[in-house]
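Coordinate analysis (summary)
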Amino acid sequence: MMACLLEAPLRISVLSEVTATSRHYVDRLFDPDPQKVLQGVIDMKNAVIGNNKQKANLIVLGAVPRSSSLELRTECAVVLGSLAMGTENNIKSLVDCHIIPALLQGLLCSDLIFIEACLRCLRTVFISPVTPVQLLYTDPTVIPHLMSLLCRSQHTQEYITQIFAHCCKTPEHQTVLFNHGAIQNIAPLLISPSYKVQMQALKCFSVLAYENTQLSQVFVRMMQRDKPIEMQLTAAKCLTYMCRAGAIRTEDSCIVLKTLPCLVRMCSKERLLEERVEGAETLAYLMEPDIELQRIASVTDHLVSMLADYFKYPSSVSAITDIKRAAFKLYASLGSNDEDIRKKITETENMMDRIVSGLSESSIKVRLAAVRCLHSLSRSVQQLRTSFHDHAVWKPLMKLLQNAPDEVLVMASSTLCNLLLEFSPSKEPILESGVIELLCSLTQSHSPALRVNGIWALMNMAFQADQKVKVEIVRALGTEQLFRLLSDPDANVLMKTLGLLRNLLSTRPHIDQIMSSHGMQIMQAVTLILEGEHSTEVKEQTLCILANIADGNTAKELIMTNDDMLQKLKYYMGHSIVKLQLAATFCISNLIWNEEDGSQERQDKLREMGFVDILHKLSQASDPSLCDRAKTAMQQYLA
């Protein structure tokens, strides 16, 4: 019998309104016929799903029934779990009527379905901020019993680790869990086939490790060379996950002096193939966001050249794709920031050939890892000019972009963005291969990452491009799509589209040509962005586009004849953010520049509108750049 199932109705004023329907559910719980009670609980379970009002009503009325049969007790636990998913007031009411001791008592039952229902409800109650976590530690038998239930099912693993993660709030809690075998019991869950179990186990470790040197030292001892390899590797993985979760700093000695060297050891040729794979992938994950760890790893035990051995296994080896994937991943992580490391990687025997070959592997995981590696190396100006050009990397990359899954497309198109930078020798042959249509199709993707990459590559392509390329971009993209991208909900897409437009509107003949055919739509788009709720960066980029238009010979008339736009420029010149003042002032400066036809008329109009007064005020601004720009503009009136 569940201890919390009350003899008398619970009366707590959670809600003033109590419906007749709710009363009907509760009355059935006190029927002498057990079958009617069971059916009443099942009906109640269905009634409370997603209905907070009904949940509160039932709690007010005392819907925490007595029970005897296992089936009925299980249904009751499910109902309690649903009631707990209501408001915080609901949970407080349930805690006040001693739901936690009752559910913990229920865990002593041998029936797995009932245990899971009790744990599910306990999980929901304990993750609420209104539940005192100390209730988990009141009875000293509870923690060891929860540890013993971890092996019962994936559900018990998920719920129990989530409870531990939320209830481990103090060093005392850490010690209790630690002393009852949390490390030994939860460590195997980090490699569970269930993602939910893995994540809860990881969160559990992160709170166990928080400012807890005791825990990290246990793992450090497990990584000693005299320990079994499996133990060393698992301990290194635990510390890696805790480091990535923020529980241990990357500069901590247990990471720099113990975990990283241990993982490098796992990559050596003395280790089994499976151990080398796991070691490389874990090491890649550990140092992925940290340049110092990357630098340390690159000079530890000749790691860069050691990894070259990963490609020397015969193709008949069953795990050959795993070993290649792991090597590419680790090279990608190693070379993601440091120029010297990238150089060392590309100079490793046949490395570029291996990456190029990896791009056409049959395994999608190897192709993805190879293109990640290529993307990492493509961040180097030097490598773009040398290795990438010598090996014509762009050819297999273009092939990879045809009909690839989204995750490959994202990485391949990111790499292509770098190959299209103005100093890359690959830019010209890529342009000649008909890439514009492909990039334009990416801008129509449902994936924001692919839209960003498509427009980013076009932006790089348009930078200092000749008029023919710019016209082709506008033609292939289409004005409708261009303006659709200017209202894209993703801020990155919008920024890159503005960057493309800015690059298209550079050099006077190009500015005048594009504005003569698309001026009205561009001015409309600019107006909408300047009036909208956008970031400073977006508005600054938009004002810079306007400054480019103001530099055109004929295009500037689209601003001069638009009083609304001139008022917006006046507003931004007086803005509190200096970046926006600078961009708006630069636009005005271009409009009144002396050496151009019609400058006198433009100066007179802007004087009448009060711009000279604003410029005079800005020439005394505290920001030196703004002050200089305003003075330069003022000089046009004095010349």
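In this text, all values refer to a predicted model and were calculated from it rather than measured experimentally.

One pass over the full model with this rule turns up 25 salt bridges. As a salt-bridge pair, Lys312 and Glu349 come within 3.1 Å of each other at their nearest N and O atoms. Taken together, the residues span a long stretch of sequence, with Lys312 in the loop between helix 18 (303–308) and helix 19 (320–334) and Glu349 in the loop between helix 20 (339–346) and helix 21 (351–358) at a distance of 37 residues. What makes Lys312 partly exposed here is its relative accessible area of 46%. Note on Glu349: relative accessible area 39%, which makes it partly exposed. Notably, a salt bridge pairs Glu347 with Lys343, separated by 2.7 Å at the nearest N-O pair.

A word on the nonpolar core. Residues Leu334, Leu546 and Ile559 are the most contacted members of the largest nonpolar core, which totals 212 residues. Setting aside residues no more than four positions away along its own chain, Leu334 makes contact with Met287, Gln294, Ala297, Ser298, Leu303, Val304, Leu307, Ile341 and Ile345.

Once that is clear, we can look at unusual backbone geometry. Positive phi outside glycine occurs at His302, with the angle close to 55°. Residue placement: His302 occurs in the loop between helix 17 (291–298) and helix 18. Taking the relative accessible area as the measure of exposure, His302 reaches 64% and is therefore exposed. Even without being a glycine, Ala392 presents a positive backbone phi close to 45°. As for its placement among the helices and strands, Ala392 is situated in the loop between helix 24 (387–390) and helix 25 (394–400).

The next subject is the environment of Thr124. Locating Thr124 in the fold gives a position in helix 7 (residues 112–126). Thr124 gets classed as buried once you look at its relative accessible area, which sits at 8%. In the structure, Thr124 is positioned 39 residues away from Met85 in sequence and 6.6 Å away in space, judged by C-alpha atoms. Each residue touching Thr124, except ones within four places of it in the same chain, is listed here: Gly81, Ala84, Met85 and Ile91.

Structurally, Arg367 can be placed in helix 22 (residues 364–377). Lacking a salt bridge, the buried Arg367 has Glu361 as its closest oppositely charged neighbour, with an N-O distance of 7.8 Å. In terms of polar contacts, Arg367 uses its side chain to reach the backbone carbonyl oxygen of Glu361, at 2.8 Å. From its side chain, Arg367 meets the backbone oxygen of Ser362 in a polar contact 3.2 Å long. If we skip the residues at most four places from it in the chain, Arg367 touches Gly358, Leu359, Ser360, Glu361, Ser362 and Leu400.

The next thing to look at is helix 28 (residues 435–442). In terms of residue burial, helix 28 counts as a mostly covered element, since 6 of its 8 residues are buried. Residues of helix 28 that are buried: Val435, Ile436, Leu438, Leu439, Cys440 and Leu442. On its buried face, helix 28 is in contact with helix 25, helix 26 (406–419), helix 27 (427–432), helix 29 (448–462) and helix 30 (467–477).

A separate point is the confidence of the model for the protein chain. Per-residue confidence for the protein chain gives a mean pLDDT of 85, with 88% of residues at or over 70. Confidence drops under pLDDT 50 across residues 1–23; counting only partners more than four residues distant or on other chains, this segment forms 59 contacts. Low pLDDT, under 50, characterises residues 48–67; the stretch is placed with 81 contacts to residues that sit more than four places away or in other chains.

Glancing now at the packing of aromatic side chains. By the definition in use, this model includes 4 aromatic pairs. Ring centres 4.9 Å apart and planes at 75° place the aromatic pair Tyr571 and Tyr572 in the edge-to-face group. For Tyr572, a relative accessible area of 3% gives the class buried. The positively charged end of Lys496 is found above the aromatic ring belonging to Trp456, 4.4 Å away from the centroid. For the cation-ring pair, Lys570 lies above Phe611, with the distance from its terminal atom to the ring centre recorded as 5.7 Å.

Rules used in this analysis
As a convention, each chain's residues are numbered from 1 in the sequence order in which they are written. Under the rules for a predicted model, residues below a pLDDT of 70 receive no local features and side-chain atom pairs below 80 are neither given nor counted, while totals for whole chains, interfaces and linings still include all residues. Side-chain calculation: all heavy atoms of the structure are included, whereas hydrogens and water are not. For this document, the term salt bridge refers to a Lys or Arg side-chain nitrogen within 4 Å of an Asp or Glu carboxyl oxygen. Helix and strand assignments follow DSSP, with helices taken as H or I runs no shorter than four residues and strands as E runs no shorter than two, numbered in order from the N terminus. Only protein chains enter the accessibility calculation, which uses a 1.4 Å probe; a residue is then buried when its area is under 20% of its type maximum, exposed when over 50%, and partly exposed in between. Nonpolar cores are built from buried Ala, Val, Leu, Ile, Met, Phe, Trp, Tyr and Cys residues. Side-chain atoms within 4.5 Å join them into one set. Whether two residues touch is decided by their heavy atoms; if any such pair falls within 4.5 Å, the residues are in contact. When charges are counted, Lys and Arg contribute as positive and Asp and Glu as negative, whereas His and the chain ends are disregarded. Polar contacts, as used here, are pairs of N or O atoms within 3.5 Å; protein pairs need one atom able to donate a hydrogen and one able to accept it. Residues neighboring in sequence count only if both atoms are side-chain atoms. Residue-level confidence of the predictor is what pLDDT reports, using numbers from 0 through 100. Any Phe, Tyr or Trp ring, taking Trp's six-membered ring, that has another such ring centre within 6.5 Å forms a pair; planes under 30 degrees apart are called stacked, those over 60 apart edge-to-face, and the others tilted. Each ring is checked for a lysine NZ or an arginine CZ that lies within 6 Å of its centre and within 35 degrees of its normal; such an atom marks a charge sitting over the ring.

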